[in-house]
Amino acid sequence: MRVSPLILLAALALTACGQGEKADAPPAAPPPPPKDGTAPAPVALTEARLRQVCRAGVAAIHGQPMEAVTLGAVREGIVDATWRAPVDGGTRRAQCRVDGDMIIWKPLDRPDEAQNRWMNEAGDPLVRFVLRDAEIAITTTLPNGTTSTETYPVAVEQEEAA
């Protein structure tokens, strides 16, 4: 009888092997396509288009008019942006980049350095864009599923000059 419990324990131990692999969360599914049925923006944007998308994205994220957002340098696909803080009139700063049809931004002026990170983790709002002729639509989806869409005009001469 002593052999039976030992064999049973060995069988249970072997059965448990590999259970941790199954318990891990599956890889994150790609975000759902925009609900308006339009195709996502191209992966590679010209620098001028990247600047336009980031200006509109930062404006939508922070509740600013698009013309209030000033863009700085573009380095390795990352755009620097500034705007006036609505409460104290100081300057707010962020960076923006594009991944597919998603706008990913990073604040640069939060007091806790750990909060100055790219906003692309679980629990962060999902910000997408769609380019349509002379406008950019920015759709923000909050973690609770609430969405809002802002549309910004883009003049053709702005595209060429930027």
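Residues numbered from 1 in each chain as written. Predicted model: local features only at pLDDT ≥ 70, side-chain atom pairs only at ≥ 80, totals over all residues. Heavy atoms only, no water.

Peer 1: Would you mind going over the overall build of the protein with me for this structure?
Peer 2: Secondary structure summary: the protein contains four helices and seven strands in total. Ordered by position in the sequence, the α and β elements of the protein form the string α-α-α-β-β-β-β-β-β-β-α. Within the span of the protein, comprising 162 residues, buried residues form 30% of the whole. Long-range contacts, defined as pairs at least 24 residues apart, comprise 35% of the intrachain contacts of the protein with a sequence gap of at least 6. Surface summary for the protein: the accessible area is close to 10,500 Å², and the carbon and sulfur share equals 57%. (Helix = DSSP H or I, 4+ residues; strand = E, 2+ residues; numbered from the N terminus. Buried < 20%, exposed > 50% of the residue type's maximum accessible area, 1.4 Å probe, protein only. Contact = heavy atoms within 4.5 Å. Areas by Shrake-Rupley, 256 points an atom, 1.4 Å probe, with all protein chains shown as cover.)

Peer 1: Even after reading the chapter, I still don't get the pattern of salt bridges, so can you show me in this structure?
Peer 2: Note that side chains of opposite charge can pair when their charged atoms are close. A complete count under the given rule lists six salt bridges for this structure. Here Arg 117 and Glu 121 are joined by a salt bridge, their closest N and O atoms 3.8 Å apart. We classify Glu 121 as partly exposed; its relative accessible area is 44%. The partner of Arg 117 in a salt bridge is Asp 124, with the nearest N and O atoms 2.8 Å apart. One connected set of salt bridges, linked through shared partners, spans Arg 117, Glu 121 and Asp 124. (Salt bridge = Lys/Arg side-chain N within 4 Å of Asp/Glu carboxyl O.)

Peer 1: Help me understand the pairing of strand S2 (residues 78-84), please; the structure alone is not making it clear to me.
Peer 2: Within a regular beta strand, the side chains point alternately toward one face of the sheet and then the other, so they alternate between its two faces. The pairing of strand S1 (residues 70-75) with S2 spans four bridges and is classified as antiparallel. Within S2, the position partnered with Arg 75 by the bridge is Ile 78. Hairpin geometry of S1 and S2 is characterised by an intervening segment of two residues between the two adjacent antiparallel strands and by a positive phi of about 50 degrees at Glu 76. Note: S2 against strand S3 (residues 91-99), six bridges, orientation antiparallel. For Val 79, the partnering residue across the bridge sits in S3 and is Cys 96. Taking the residues between adjacent antiparallel strands as the criterion, S2 and S3 are bridged by six residues, where Gly 89 takes a positive phi near 75 degrees. (Pairing = 2+ DSSP bridges.)

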